[in-house]
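Working through the structure, step by step
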Amino acid sequence: MHQLPGAWQRAARGAGLLAPDGTSVPTIFAEMSALAASTGALNLGQGFPDEDGPEPVLEAARDAIARGVNQYAPGRGFPDLLSAVAEHQKRFYGIELDPQREVLITVGATEALAATLLALIDSPDDEVVVFEPHYDSYAACVALSGAKLVPVPLRWPDFQPDLEQLASAVTDRTRVILVNDPHNPTGSVFSREVLDEVVRLAHRHDAIIVTDEVYEHLVFDGPHVAIATLPDAAERTLSISSAGKTFSLTGWKTGWVTGPADLVTAVLAVKQFLTYVGGSPFQPAIAVGLRLPEAFFASVASEMAAKAALLGTGLRAAGFDVSSPGGSYFTVVDAAPLGATDADAFCRELPARAGVVGIPLTAFVSPAHRAQYATLVRFAACKRVDVLAEAAQRLAAMTPA
């Protein structure tokens, strides 16, 4: 196998995708999905839905294609979607935005994150503080930007940070405090105390807050609190979200960044040389989605909460200790009561023992912190109810190790 050169080697190494000899290794997601396919196990590892999004949104995309909306969109995005995002922020959070200056459409939230970090990082001395475990692209994007990743551990079982550890991690070298809320992979929703401390520390050390809020409409005991709504936060906050999780359209890869005009323009300056623009016919369709009635958004959260509860029942019946999620697609369990000492090994054995696939939480942490998450496993509840019911039955009947 070939060694990966330059920036890509930094990104792969940051994400833990390089072996000691410098060759690339597959992600745990690819490995577990292949294992599910080869064994017939139910794949509760990767976080993608197995149901389509709302029909009015699908029909709007079909209509856009038929109307010839098939060439490049404007660099910032189609004006109607820019306006729809601004309307959404006003409707749900009371945030007033200029859609032409303070909104940018991206190819999903992951591109938004990459473009944002590349735009904001000034030197190799810059640091990006993240909560750990974290979405796997964070480490890769930080490494690609050349900055240093500074993780703050979240604690089992509620997955809230120690505020003293957070305060110690944020220094004058901190360029960005990256907050994912609701949180992937743990399913936690950060307390108001945590969010207030993030804002206080950002002001104290002149850092920029970057929020990943893709699960904003999947808070089980809502409403979601957007950091940009907190006192003195909006001036230094870039908020990132996307359509994929809210509308069960992860393959459309349509996201957005909102915030102060100068910061959004800086992100645009990088984004235009990454993908330039995203899929044109999806943009008018997502504008339709963002304008759906209140009842739709309420149903998204309530249906996911019911699915998480169904999955949790099966996990408890199987003997796991379960961390009750506050939102997102995910539920984290401790497999230690079942004799597990290593989540990686446990997840590789689980398809044969139970016919279900999960992901070890160690896939989302830095090597220095693996020990404290050694027996924790993440399961995704974003599947059909019949699939979750079958998974719950299989888990409850799991064979001993």
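Residues numbered from 1 in each chain as written. Predicted model: local features only at pLDDT ≥ 70, side-chain atom pairs only at ≥ 80, totals over all residues. Heavy atoms only, no water.

Moving on: unusual backbone geometry. Working note: non-glycine residues mostly have negative phi, and peptide bonds are mostly trans. The omega torsion of the bond from Trp-156 to Pro-157 falls at 5 degrees, within 30 degrees of zero and hence cis. Here Pro-157 is to be found in the loop between strand 4 (148-155) and strand 5 (160-161). Each neighbour pair has its own omega, and for Asp-181 with Pro-182 the value is -5 degrees, a cis peptide bond. With a phi angle near 65 degrees, Tyr-276 is a residue other than glycine that sits in the positive phi range. (Helix = DSSP H or I, 4+ residues; strand = E, 2+ residues; numbered from the N terminus.)

A separate point is the packing of aromatic side chains. Inspection of every chain in the model, using the stated rule, returns 16 aromatic pairs. Among the aromatic residues, those joined into a cluster by ring pairs are Phe-92, Tyr-93, Phe-247, Phe-296 and Phe-297. In this structure, Arg-378 packs its charged tip against the face of Phe-330, placed 3.8 Å from the ring centre. Of note, Lys-383 hangs over the ring of Phe-48, and the distance from its end group to the ring centre comes to 3.8 Å. (Phe/Tyr/Trp six-rings, centres within 6.5 Å; stacked < 30°, edge-to-face > 60°. Lys NZ or Arg CZ within 6 Å of the ring centre and 35° of its normal.)

To continue, consider the pairing of strand 9 (residues 255-258). Residues of strand 9 alternate between two faces, with Gly-255 and Val-257 on one and Trp-256 and Thr-258 on the opposite face, all of them buried. By the bridge criterion, four bridges tie strand 2 (residues 103-106) to strand 9 in an arrangement that is antiparallel. Directly across from Val-103, in strand 9, lies its bridge partner Thr-258. Sheet analysis places strand 8 (residues 237-242) next to strand 9, joined by four bridges and oriented antiparallel. If you follow Ser-241 over to strand 9, its bridge partner there is Trp-256. (Buried < 20%, exposed > 50% of the residue type's maximum accessible area, 1.4 Å probe, protein only. Pairing = 2+ DSSP bridges.)

This brings us to the environment of Leu-376. With respect to the secondary-structure elements, Leu-376 resides in strand 14 (residues 376-380). Sequence separation between Leu-376 and Phe-320 is 56 residues; the distance between their C-alpha atoms is 9.7 Å. Residues within four places of Leu-376 in sequence aside, it is in contact with Trp-156, Phe-159, Val-332, Val-333, Asp-334, Ala-343, Pro-360 and Leu-361. (Contact = heavy atoms within 4.5 Å.)

The subject of this paragraph is the sheet that holds strand 10 (residues 321-323). One open sheet holds the four strands; their spatial order is 10-11-14-13, and the pairing between them is antiparallel. The sheet terminates laterally at strand 10 and strand 13 (359-360), the two strands that pair on one side only. Contacts between helix 12 (residues 294-318) and the sheet are confined to strand 10, strand 11 (330-334) and strand 14, with strand 11 contributing the most and set at about 15 degrees to the helix. Against the sheet, helix 13 (residues 343-354) engages strand 13 and strand 14, with an angle of about 45 degrees to strand 14. (Axes fitted to C-alpha atoms, helices over the stretch in contact; angles between N-to-C directions.)

What follows concerns the layout of surface pockets. In this structure, the second largest pocket spans a volume of roughly 290 Å³. Residue lining of the second largest pocket: 20 residues in total, with Glu-51, Thr-246, Ser-248, Val-300 and Glu-303 positioned closest to the centre. Mapped onto the lining of the second largest pocket, the elements with two or more residues apiece are helix 9 (244-247) and helix 12. In terms of residues, the lining of the second largest pocket owes the most to one element, helix 12, which gives six residues. If you count residues domain by domain, the lining of the second largest pocket takes at least three from each of domain 1 (7-52 + 296-397) and domain 2 (55-293). (1 Å grid on protein atoms, 1.4 Å probe; cavity = no way out; pocket = protein on both sides within 12 Å on 5 of 7 lines; lining within 4 Å. Points joined across faces, edges and corners; volume = space filled by probe spheres on them. Domains from an automatic or database assignment.)

Mapped onto the present numbering, the UniProt feature "domain: Aminotransferase class I/classII large" (unreviewed entry) falls on residues 42-368. Taken end to end, residues 42-368 comprises 40% helix and 17% strand; its first and last C-alpha atoms sit 31 Å apart. (UniProt positions renumbered as here; feature names shortened; annotations may be inferred.)

Let's shift gears to the pattern of salt bridges. Throughout the structure, instances matching the rule amount to 21 salt bridges. Here Glu-294 makes a salt bridge to Arg-91, at a shortest N to O gap of 3.2 Å. Of this pair, Glu-294 sits in helix 12 while Arg-91 sits in helix 4 (residues 79-93), and the two are 203 residues apart along the sequence. Using a relative accessible area of 49% as the deciding quantity, one classes Glu-294 as partly exposed. Judged by its relative accessible area of 34%, Arg-91 is partly exposed. Note that Asp-162 is salt-bridged to Arg-155, the shortest N-O span being 3.7 Å. (Salt bridge = Lys/Arg side-chain N within 4 Å of Asp/Glu carboxyl O.)

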